[in-house]
Amino acid sequence: TVNPFTQHLLFAKADAQLGDDRKLSASLRVRKETDTLPENRELSLPGNDLDRSNDETRLDLLHQWTRGSWQLDTRAGYEKFQWNPKSAATEPLVKYRAANDRPQRLTSSADVIWDGGSPNAQNRQQSGFTLAQEATYNGLAGHVIKGGVRLKDMKYDLSGTARSVAVVETLLDLDTGLP
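Thresholds, definitions, all that
- Position numbers for residues count from 1 along each chain, tracking the sequence in the order it is written.
- pLDDT decides what is reported in this predicted model: residues at 70 or higher carry local features, side-chain atom pairs at 80 or more are listed and counted, and totals for whole chains, interfaces and linings draw on all residues regardless.
- Values reported for side chains reflect all heavy atoms of the structure, with hydrogen atoms and water molecules removed beforehand.
- A score between 0 and 100, pLDDT records how confident the predictor is in each residue.
- Each helix is a run of H or I in the DSSP string that is no shorter than four residues. Each strand is a run of E no shorter than two, and both are numbered from the N terminus.
- For this document, the term salt bridge refers to a Lys or Arg side-chain nitrogen within 4 Å of an Asp or Glu carboxyl oxygen.
- Burial here depends on accessible area, computed with a 1.4 Å probe over protein chains only, as a share of the maximum for the residue type. Under 20% is buried, over 50% is exposed, and the range in between is partly exposed.
- A pair of aromatic rings is counted whenever rings of Phe, Tyr or Trp (Trp by its six-membered ring) have centres within 6.5 Å, and the orientation is called stacked for planes under 30 degrees apart, edge-to-face for over 60 and tilted otherwise.
- Contacts: residue pairs with any heavy atoms within 4.5 Å of one another.
- Residues are said to line a cavity or pocket when one of their atoms sits within 4 Å of a point; the points come from a 1 Å grid over protein atoms alone, cavities being sets where a 1.4 Å probe fits but cannot get out and pockets being open sets with protein on both sides within 12 Å along at least five of seven lines.
- Grid points are joined across faces, edges and corners, and a volume is the space filled by probe spheres set on the points.
- Residue type decides the class: Asp, Glu, Lys and Arg count as charged, Ala, Val, Leu, Ile, Met, Phe, Trp, Tyr, Cys and Pro as nonpolar, and the leftover types, Gly among them, as polar.

S.K.: Would you mind showing me how to read the confidence of the model for the chain here?
M.R.: Caution applies to low-pLDDT regions: their predicted coordinates should not be interpreted in detail. Overall, the prediction assigns the chain a mean pLDDT of 90, with 99% of residues at 70 or greater. Confidence, read as mean pLDDT per element, is least for strand E5 (residues 86-87) in the chain (87) and greatest for strand E4 (residues 70-83) (97).

S.K.: What is the right way to look at the pattern of salt bridges in this model?
M.R.: Where side chains of opposite charge bring their charged atoms close, a pairing between them can arise. Enumeration over the complete set of coordinates arrives at 14 salt bridges. Here glutamate 56 ties to arginine 31 by a salt bridge, and the two come within 3.4 Å at their closest N and O atoms. Here the residue glutamate 56 occupies a position in strand E3 (residues 49-67), and arginine 31 occupies one in strand E2 (residues 22-38), the gap between them amounting to 25 residues. Owing to a relative accessible area of 22%, arginine 31 belongs among the partly exposed residues under this scheme. Close ionic contact of glutamate 134 with arginine 150 constitutes a salt bridge, the shortest N to O distance being 4.0 Å. Highlighted residues: glutamate 134 in strand E8 (residues 121-140) and arginine 150 in strand E9 (residues 143-161), separated in sequence by 16 residues.

S.K.: Mind showing me how you'd approach the packing of aromatic side chains here?
M.R.: Aromatic ring pairs are described here by two measures, namely the spacing of the ring centres and the angle between the planes. Under the defined criterion, the tally for this structure stands at 2 aromatic pairs. Centroid distance tryptophan 70 to tyrosine 137: 4.9 Å. Interplanar angle 50°. Geometry classified as tilted. Here the residue tryptophan 70 occupies a position in strand E4, and tyrosine 137 occupies one in strand E8, the gap between them amounting to 67 residues. Tyrosine 137 sits in the partly exposed class, given a relative accessible area of 23%. With a centroid separation of 5.1 Å and an interplanar angle of 50°, the aromatic rings of tyrosine 78 and phenylalanine 129 are classed as tilted. You can see tyrosine 78 sitting in strand E4 and its partner phenylalanine 129 sitting in strand E8, a full 51 residues away along the chain. With a relative accessible area of 29%, tyrosine 78 lands in the partly exposed category.

S.K.: Before we go on, may I ask you to explain the environment of asparagine 3 in this structure?
M.R.: For asparagine 3, the position within the fold is in strand E1 (residues 3-19). Remark: the alpha-carbon pair of asparagine 3 and asparagine 100, spanning 97 residues in sequence, is separated by 36 Å. If sequence neighbours within four positions are ignored, asparagine 3 has contacts with Asp35 and Thr36.

S.K.: Where do I start with empty space enclosed by the protein in this structure?
M.R.: Over the atoms rolls a probe the size of a water molecule, and in doing so it shows where empty space is left. Inspection of the entire model under this criterion finds 1 cavity of 30 Å³ or more. Each pocket or cavity is described by its volume, and for the largest cavity that value is around 30 Å³. Together, Leu62, Asp73, Arg75, Ala132, Gln133 and Glu134 line the largest cavity. Listed by contribution, the elements that provide at least two residues to the lining of the largest cavity are E4 and E8. No other element matches E8, which puts 3 residues into the lining of the largest cavity. Looking at the lining of the largest cavity residue by residue, the classes come out as 2 nonpolar, 1 polar and 3 charged.

Right, here's the structure in full:
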């Protein structure tokens, strides 16, 4: 089963001129993406699918202050990302394999078809805050001097697993076609 990639995107931006020398900007981006793909494009039976989601939320505030040849930028932000591929089924992944050897050996076999659930059940997340201060001086002809500091506090959650269901490999009998 293949469901096409879908994306829902919300973007908002607001600017305010607080005075001749001050400006405030705020921006927001919310993005939600989903799709469904076969675990293996060439070998998967219907139902051996991977549901994927990728979500992003980002908020950014910027205050700019200009005095003569100086511009000071103060920025504060928040961001959150989540990547979550997971199986569309809970059954074990069964990899049917075939080998031309007599007697057949699993070690010298090749995959023929995949059935059941996907072992993928990852849930990767990161979120955090940013605070930055930059100073720009453009009072020298032909030159710009810029410097600043940035503090970013991030939290990471790498939960989930790439092996959420059992993976069973079974040989198909070359004479009967049965496992």
